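Okay, here's what each chain looks like letter by letter:
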Amino acid sequence: MAAEHEFKSVFGRPATHVADAGGRVNLIGEHTDYHDGFVFPAALDLRTRVAAAPRDDGEVRVWSANLRRFAGGALTALSPPDTLDWSAYVLGPFWALRESGRPVRGADVWLHGEVPLGGGLSSSASIEVALVGVAAAIAGGEIAPMDAAMAAK
């Protein structure tokens, strides 16, 4: 798999876990969304893919293949940021799992998104759901789909 190969090229060791999540589009009529009308969400075949491996030092390091840079920090120091930037989307899932009382563990993560950023296709949700899934797996647990959605919100 390309994600596992890319993970190894960035971190110099094999990935132990992979996850992915898709984007979505909401088809709506004129003024429907804010008048409590019906909307029609449709899944996209564009995905965010992550490959990861645990760390024993409590650090999270996320490499964005799209942006070609790292975000990271100590699990114990993660908190909502004063300024919202891309690192909040990739570190937030680890914080959310920790805050919900679920076990979390340090990790190295490689991430690549096919869902266009800022295009209204839920790229941020795709990133967060993929990361919640891989973070839960790295900590040795499973997470139900609804719990993953709630952690990623």
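Refer to the structure presented above.
These numbers come from a predicted model, not from an experiment. (Residues numbered from 1 in each chain as written. Predicted model: local features only at pLDDT ≥ 70, side-chain atom pairs only at ≥ 80, totals over all residues. Heavy atoms only, no water.)

Trainee: How do you make sense of the pattern of salt bridges when you look at a structure like this?
Mentor: Side-chain pairing between opposite charges can occur once the charged atoms of the two side chains come close. Counted according to the given criterion, the structure contains nine salt bridges. Among the salt bridges present, the one from Glu114 reaches Arg49, with a minimum N-O distance of 3.0 Å. Separated by 65 residues along the polypeptide, Glu114 in the loop between strand S5 (107-113) and helix H3 (123-138) and Arg49 in strand S2 (residues 40-54) bring together distant segments of the chain. According to the relative accessible area criterion, Glu114 is partly exposed, its value standing at 34%. A relative accessible area of 30% means that Arg49 is categorised as partly exposed. As a salt-bridge pair, Asp108 and Arg55 come within 2.9 Å of each other at their nearest N and O atoms. Here the residue Asp108 occupies a position in strand S5, and Arg55 occupies one in the loop between S2 and strand S3 (59-64), the gap between them amounting to 53 residues. Judged by its relative accessible area of 2%, Asp108 is buried. By relative accessible area, which is 17% here, Arg55 ends up buried. One continuous salt-bridge network, built from bridges that share partners, spans Arg13, Arg55, Asp57, Arg61 and Asp108. (Salt bridge = Lys/Arg side-chain N within 4 Å of Asp/Glu carboxyl O. Helix = DSSP H or I, 4+ residues; strand = E, 2+ residues; numbered from the N terminus. Buried < 20%, exposed > 50% of the residue type's maximum accessible area, 1.4 Å probe, protein only.)

Trainee: Can you help me understand the nonpolar core in this one?
Mentor: The biggest cluster of nonpolar side chains holds 29 residues, and the ones touching the most others in it are Val50, Val90, Phe94, Val109 and Leu131. Of all the secondary structure elements, the ones that give two or more residues to this core are strand S1 (17-27), S2, S3, helix H2 (86-99), S5, H3 and helix H4 (145-152). Ranked by residues supplied to this core, first place goes to H3 with eight residues. Here Val90 is in contact with Val62, Ala71, Leu111, Ile127 and Leu131, once residues within four sequence places are set aside. (Core = buried A, V, L, I, M, F, W, Y, C linked by side-chain atoms within 4.5 Å. Contact = heavy atoms within 4.5 Å.)

Trainee: I keep staring at the side chain of Ser122 and nothing clicks. Help me out?
Mentor: Looking at the secondary structure, you find Ser122 in the loop between S5 and H3. Judged by its relative accessible area of 17%, Ser122 falls in the buried class. Other than its neighbours up to four places away in sequence, Ser122 contacts Gly23, Arg24 and Val115.

Trainee: In this structure, what is going on with H2? I would like to understand it.
Mentor: Within an α-helix, residues lying three or four positions from one another point in the same direction, as the helix has 3.6 residues per turn. Given a rise of 1.5 Å per residue, 14 residues ought to cover 20 Å, and the 20 Å separating the end C-alpha atoms of H2 matches this to within 8%. Residue Gly92 marks the point of greatest curvature in H2, where the axis turns by about 40°; the proline Pro93 follows within four residues. Every buried residue belonging to H2 is among Trp86, Ala88, Val90, Leu91, Pro93, Phe94, Ala96 and Leu97, and all of these are buried. Elements that come into contact with the buried residues of H2 comprise S3, strand S4 (69-74), S5, H3 and H4. Looking at the residues trailing H2, positive phi occurs at Gly101, about 90°. (Expected span 1.5 Å × (residues − 1). Bend = angle between axes of the 7 residues up to and from the residue.)

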